[in-house]
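# Residue-level structure breakdown
One-letter residues, chain by chain:
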Amino acid sequence: MWELYLILSILIILFSVLPKIPNTHWVFRVPDFGKIQIFVIAILTFGLGFFLEKDFSWTIFQAILFLLIIFHGIVLIKYTPLYFIKDHKPSHKASKSIQFISANVYQFNTDFNQFVNLINHCKPDVFLTMESHSDWENALKILEKEYPFQHKVTLENTYGMHFYSKLEISESKTHFFVADDIPSIEIHLKTKDDFEFVFFGVHPPPPSPTEEKTSKERDGDLLSTAKRIKEIKKPIIVVGDFNNVAWSKSSILFRKTSELIDPRVGRAFISTFHAKYRFLRFPIDLMFHSEEIFIDSLKTLDNFGSDHLPVYCEFSIDLVNDNQEERIDTADAEEKEEAEEMIEEGKKEDGEREAVVTE
């Protein structure tokens, strides 16, 4: 049992330290995804320690585990209802409720009908699909009568993106901020009660041993989006498979650069990937919004065959209520300079992706 305790303790220490090293290689970035799991395993290992023989080594490891439990707990508690934030409500001048669904459909998932049924059941005002290629586009045509406004970026490289809306699209753009095969979409919408807002859909590549060796393109793409957001003077929502977690350095820098709010704070982790493995599930499908957006509901929905759970959100727009302004953090001069450097590094990085990806 001592051997198990020792191995677990060393792994917990290693996975806790690696993300703090300023290196973009996936080895240093991926452990950040598992902070929740590391926290749980650290508690269990700490408890296991009390059943072992106590000596000097035991004291050292128990002390380190205790400190790491506190370290991870301080970060993670912010994304639970235990972390108190003021629950600001929209005023009577707010828009009517708006719903959206964001889903990484998994390009190789052929259970199209299950997703169509999900949309027909939930009836969101808008929905976004990621990893949607030509087969998915054809399968979703059945919904186009109900969702007459669309913006499609059909790619076969697992980075396709489709947006469908009941709300009027006044303007839409596809950005390729760091690479010509990694799109981000910018959709300007108008509600039926004449409120305007902008919806961004993002899906940067993940740092991993099987995809991008570093996080440079991911971080550059996200921070380019943040920079673009600052140019827009409308209520904004950013949604997508960020391939990142809210507590990572680049996510925090994105939030500060864009001056948006993370609705998970004080609410829940809302973990989405991997859909089939509950304990190995990470919150990488993120959302951020401007202060005019008031979230009523944010949650995951049932699995429809993808490796990601879909995210559902219900919100309203209030242009006269500035109570949420206190939740906005801004980037200082050093952070702005760092963001610019990360954008340039992302543009220089060559992802070397295939134009057509097969399973």
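Residues numbered from 1 in each chain as written. Predicted model: local features only at pLDDT ≥ 70, side-chain atom pairs only at ≥ 80, totals over all residues. Heavy atoms only, no water.

A sheet is described by the order of its strands in space; here five strands give the open sequence β5-β6-β7-β8-β9, paired in mixed fashion. Among the strands making up the open sheet, the edge pair consists of β5 (168-175) and β9 (285-289). Strand-to-strand twist of the sheet, defined as the mean angle between neighbouring strand axes without regard to direction, takes the value 15°. Here seven bridges tie β5 to strand β6 (residues 184-190), and the two strands are oriented antiparallel to one another. Following the sheet pairing, Glu168 is matched in β6 by Lys190. Relative to the sheet, helix α7 (residues 216-229) contacts β5, β6, β7 (196-202) and β8 (236-241), its axis offset from that of β7 by approximately 170°. (Pairing = 2+ DSSP bridges. Helix = DSSP H or I, 4+ residues; strand = E, 2+ residues; numbered from the N terminus. Axes fitted to C-alpha atoms, helices over the stretch in contact; angles between N-to-C directions. Contact = heavy atoms within 4.5 Å.)

Before going further, it helps to spend a moment on the packing of aromatic side chains. Counted under the stated rule, the structure contains 22 aromatic pairs. The interplanar angle of 90° and the centroid separation of 5.1 Å between the aromatic rings of Phe46 and Phe50 together place this pair among those described as edge-to-face. A residue is classified by how much of its surface remains accessible, and Phe50, at 44% relative accessible area, is partly exposed. Look at Phe197 and Phe315: their rings are 5.6 Å apart centre to centre, the planes differ by 80°, and that puts the pair in the edge-to-face class. Within this pair, whereas Phe197 is found in strand β7, its partner Phe315 is found in strand β11 (residues 311-317), the two being separated by 118 residues in sequence. Across the pair, exposure class does not vary: Phe197 and Phe315 are buried alike. Put simply, the rings of Phe112, Phe115, Phe127, Trp136, Tyr147, Tyr164 and Phe304 touch in pairs and so form one group of aromatic residues. Against the face of Trp58 rests Lys54, its NZ or CZ located 5.3 Å from the ring centre. (Phe/Tyr/Trp six-rings, centres within 6.5 Å; stacked < 30°, edge-to-face > 60°. Buried < 20%, exposed > 50% of the residue type's maximum accessible area, 1.4 Å probe, protein only. Lys NZ or Arg CZ within 6 Å of the ring centre and 35° of its normal.)

This part takes up helix α4 (residues 56-76). Residues lying three or four places apart along an α-helix face the same way, a consequence of the helix completing one turn every 3.6 residues. The first and last C-alpha atoms of α4 sit 30 Å apart over 21 residues, in line with the 30 Å expected at 1.5 Å per residue. Regarding α4, the residues found buried are Trp58, Phe61, Gln62, Leu65, Leu68, Ile69, His72, Gly73 and Leu76. Relative to the axis of α4, the buried residues are bounded by an arc of 130° and lie together on one face. α4 presents Phe56, Leu67 and Ile74 as exposed residues on the side facing more than 90 degrees away from its buried surface. Packed against the buried residues of α4 are α1 (2-17) and α3 (35-49). Taking the backbone nitrogen of Ser57 as reference, a side-chain oxygen 3.2 Å away marks Asp55 as the first, capping residue of α4. (Expected span 1.5 Å × (residues − 1). Arc of directions from axis to C-beta. Polar contact = N/O pair within 3.5 Å; in protein donor to acceptor, adjacent residues only side chain to side chain.)

Attention now moves to the nonpolar core. One broad rule of soluble globular proteins: the nonpolar side chains tend to lie buried together. Formed by 27 residues in total, the largest nonpolar core has its most connected members in Phe100, Phe163, Leu189, Phe199 and Phe315. For this core, the secondary structure elements donating two or more residues are β1 (98-104), β2 (126-130), β4 (161-165), β6, β7, β8, β10 (293-300) and β11. Per element, the largest residue contribution to this core is four residues, and it comes from β11. When near neighbours in sequence (up to four residues on either side) are disregarded, Phe199 contacts Phe100, Val126, Leu128, Phe163, Ile185, Glu186, Ile187, Leu189, Ile237 and Val239. Judged by nonpolar contacts, the second largest core, of 19 residues, contains Phe200, Leu222, Val238 and Phe242. (Core = buried A, V, L, I, M, F, W, Y, C linked by side-chain atoms within 4.5 Å.)

Once that is clear, we can look at the sheet that holds strand β3 (residues 149-153). Two orientations exist for strands paired in a sheet by backbone hydrogen bonds: parallel and antiparallel. Strand order across the open sheet formed by six strands is β3-β4-β2-β1-β11-β10, with mixed pairing between neighbours. In the strand order of this sheet, the two ends are held by β3 and β10, each with one partner. The mean angle between the axes of side-by-side strands here comes to 10°, regardless of whether they run parallel or antiparallel. Relative to β11, β1 runs antiparallel, the two being bridged by five bridges. Paired with Phe100 across the two strands is Cys313, which belongs to β11.

Now for the packing of α7 against helix α8 (residues 249-258). One can describe the packing of α7 onto α8 by two numbers: an axis separation of 8 Å at closest approach and a directional angle of 15°. As the angle between them shows, α7 and α8 are arranged roughly parallel. The two elements α7 and α8 cross, and the hand of that crossing is right-handed. Here α7 contributes Arg218, Asp219, Leu222, Leu223, Thr225, Ala226, Lys227 and Ile229 to the contact with α8, which in turn contributes Ser250, Leu253, Phe254, Thr257 and Ser258. In terms of residue class, the contact of α7 with α8 is made up of six nonpolar, four polar and three charged. (Parallel < 35°, antiparallel > 145°, perpendicular 65-115°, else oblique. Left-handed = near helix turned anticlockwise from the far one by under 90°. Nonpolar A, V, L, I, M, F, W, Y, C, P; charged D, E, K, R; others polar.)

On to the side chain of His188. Tracing the backbone through its elements, the reader meets His188 in strand β6. Engagement of the side chain of His188 in a polar contact is seen with the side chain of Lys234, the distance being 3.2 Å. With residues near it in sequence (within four places) discarded, His188 still touches Glu168, Ile169, Ser170, Glu171, Phe197, Val198 and Lys234.

Applying the stated criterion across every chain, the model contains 15 salt bridges. Of the charged contacts, one joins Glu144 and Lys152 as a salt bridge, the two residues approaching to 2.6 Å between their closest N and O atoms. Relative accessible area serves as the criterion here: at 31%, Lys152 is assigned to the partly exposed category. One salt bridge connects Asp219 with Arg218, and the closest N-O pair in it is separated by 2.9 Å. Taken individually, Asp219 and Arg218 each receive the classification buried, so the pair is uniform in this respect. (Salt bridge = Lys/Arg side-chain N within 4 Å of Asp/Glu carboxyl O.)

Take it as geometry only, folks, not as evidence of what the structure does.
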